[in-house]
Amino acid sequence: MNTSYRFISDVEPTENELELLMKDVIIDVKERAKKANLKFKKLQKLQINQAIERQIQIKNGRV
């Protein structure tokens, strides 16, 4: 990702600069979404396994 954008308040960015910025933003958002989704699935799997274990313990009278 190109993070060398320098927008000065009194100078409007060119269409090309804006396009490049938006492409980088899209790439970054997709990467963050992928990481968040993987983290969510890992947490979800852990909670499911914990719930299953609790149910097994309840069934076996170990609670």
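How each quantity is defined
Residues numbered from 1 in each chain as written. Predicted model: local features only at pLDDT ≥ 70, side-chain atom pairs only at ≥ 80, totals over all residues. Heavy atoms only, no water. Helix = DSSP H or I, 4+ residues; strand = E, 2+ residues; numbered from the N terminus. Buried < 20%, exposed > 50% of the residue type's maximum accessible area, 1.4 Å probe, protein only. Areas by Shrake-Rupley, 256 points an atom, 1.4 Å probe, with all protein chains shown as cover. Salt bridge = Lys/Arg side-chain N within 4 Å of Asp/Glu carboxyl O.

Participant: So, the overall build of the protein: which residues are in play, and what are the values?
Facilitator: Within the protein one finds one helix and zero strands. Taken over 63 residues, the protein has a buried fraction of 2%. Counting every atom, the protein has about 6,200 Å² of accessible surface; 57% of that belongs to carbon and sulfur.

Participant: Which residues make up the pattern of salt bridges, and what values go with them?
Facilitator: Scanning all chains against the criterion turns up two salt bridges. Across the pair Lys23 and Glu19 runs a salt bridge, and its minimum N-O distance is 3.3 Å. Taken as a pair, Lys23 and Glu19 lie in helix α1 (residues 15–59) at a separation of four residues, close to a single helical turn. For Glu19, a relative accessible area of 42% translates into the label partly exposed. For Arg32, the salt bridge identified is with Asp28, shortest N-O distance 2.9 Å. One end of the pair, Arg32, and the other, Asp28, are both in helix α1, four residues apart, so they sit about a helical turn from each other.

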